[in-house]
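# Observations on the three-dimensional arrangement
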2 protein chains.
Amino acid sequence: MTELPDQAASQVRLAAVRLSRRLRAQKSDDRVTDSQMTVLMHLSKHGSLTLSELAEAERISAPSMNRTVDCLETDGHVVRTPDPVDRRKTNITATDSGREIVAATLHKRNAWLTERMHELTPAERATLLAASEIMDRIATQ
Amino acid sequence: MTELPDQAASQVRLAAVRLSRRLRAQKSDDRVTDSQMTVLMHLSKHGSLTLSELAEAERISAPSMNRTVDCLETDGHVVRTPDPVDRRKTNITATDSGREIVAATLHKRNAWLTERMHELTPAERATLLAASEIMDRIATQ
DNA sequence: ATAGATAGTTAGCCTAGCTCATTAGCGGTG
DNA sequence: CACCGCTAATGAGCTAGGCTAACTATCTAT
C-alpha cells in the first residue's frame, strides 16, 4: 500500500464513487431530492444559516446551493429572512414542513444501506464506520 | 452502532457522497471525463467487452453507458466492432490512444486523493483500504 | 413461421455540480 | 461625504452523468 499509493487511492476512489452512485439510485419515495434532504438535515441541526454557510458546509459553490434552496423555498420547506444587521445576508430556516420531512424521511432514506450493513460482520461494520469518519474528514477538510 | 443502525448508515452515506463529490471536483486536466476514464480502465484490464457488460460492471443503465461509449468513440479512444457470432452484440475495444490515456492519466487522476491519504496514519490508511473493499462489495452486489 | 427475449441505440428528461456576471449592501479612506 | 473595494446573494447558461420509454435488429425456441 505504501509502495503503491496510486492503486490504493484508485481503489478508494472507485469504491466511493460506486457506492455514492448506488445510494443515489435508491431514491426511496419522496418529497425532496438527496441534496435538498442534506440541506434540511443541516438546518434542523444548526438552526438558521446563510447561503454561504450552507454552501461551505457541503463544499459546493454558492450558486449551486442557491438553486437547492430555491427549490426548497418554492416547496415551502425553508424560508428566507433578510438579516436585520447585515442586509446583504439572508438567513435560511427550515419550516415545520421541512423539519417534519427530516423526521419522517431519515430512516426511509437510509433503509437500503442499513439493510446492507446488517449483512456485514460486526468487524466489517466497525471498519466501515471508522472509515466513514476518515472519508468525511478528507472530503471536508 | 448496532442499536443505532440508521445513524451509522447515515454517517457512511454522507461520507461516501461527500467524498465522491469532492473527488469529482478534482478534475485534473484532461482529455477524458471521469466515467470515460473508468470505462477505459475496464477495457484495458479486460480486453473487449460489450455494452451490456460495461453497463453491468458499473451498475448503470445501458443507455447511460452507451452515451459514454459514444463520446469515447467520437474521440477515437475506443472502437465498436460487430460480434461475428451474435450480430446483436457490439464488441467495444480500447484503441492505442485509449490505452495510452489510461497509462498517462491514472496517477494524475488520483493525485489529490493520494496526497490526502499520505497525510493519514498507516492505521487510517489500512482502515480506508479495508472499508473500500467492503463499500465496493456493497455497491456492486 | 412466428412470438418472445435480448442487444444496442435514440430521444428526451432530471439532478446537481460549475463559471461568469450582476446587484445590493457594507466598511474604510481620501 | 463620496467613492472604492470587498462580500453576499442571485441569475444565466453550461456540463456531466444518471434515468425511462420506445424503437430496431437479431436471435431462439416453439
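A few points on the structure. Counting of residues starts from 1 at the beginning of each chain's written sequence and follows it residue by residue. For naming, the first written chain is A and the first written ligand is 1, with later ones following in the order written. Given that the model is predicted, a residue must reach a pLDDT of at least 70 before its local features are reported, and side-chain atom pairs must reach 80 or more before they are shown or counted; all residues, however, enter totals for whole chains, interfaces and linings. No hydrogens and no water enter the side-chain calculation; it runs on all heavy atoms of the structure.

### Side note on the protein's contact with DNA strand D
Around DNA strand D sit 25 residues in total, of which Ser52 and Asn66 of chain A together with Thr33, Ser61 and Arg67 of chain B are the nearest. We call a residue near a molecule or strand when any one of its heavy atoms sits within 4 Å of it. For DNA strand D, the fraction of protein-proximal atoms (within 4 Å) that sit in sugar or phosphate groups is 66%. Under this definition, polar contacts are N or O atom pairs within 3.5 Å; protein pairs additionally need one hydrogen-donor-capable and one acceptor-capable atom, and for neighbouring residues in sequence, both atoms have to be side-chain atoms. Arg21 of chain A places a side-chain nitrogen or oxygen 3.0 Å from a phosphate oxygen of DNA strand D. Between DNA strand D and Asp34 of chain B there is a distance of 3.5 Å, counted from a phosphate oxygen to a backbone nitrogen or oxygen. Here a helix means four or more residues in a row that DSSP labels H or I, a strand means two or more in a row labelled E, and each is numbered from the N terminus. Elements that contribute at least two residues to the surface near DNA strand D include exactly α3 (51-58) and α4 (62-74) of chain A together with α2 (34-46) and α4 (62-74) of chain B.

### Quick notes on unusual backbone geometry
In this structure, Arg59 of chain A is a non-glycine residue whose phi angle is positive, near 55 degrees. The topology assignment puts Arg59 of chain A in the loop between α3 and α4.

### Section: the environment of Ser35 of chain A
All names here are of chain A. Looking at the element boundaries, Ser35 is found in helix α2 (residues 34-46). Here's how the labels work: a residue is buried when its accessible area is under 20% of the maximum for its type, exposed when over 50%, partly exposed in between, all with a 1.4 Å probe on protein chains only. Its relative accessible area of 35% is what places Ser35 among the partly exposed residues. For the pair Ser35 and Val69, spaced 34 residues apart in sequence, the C-alpha separation works out to 9.7 Å.

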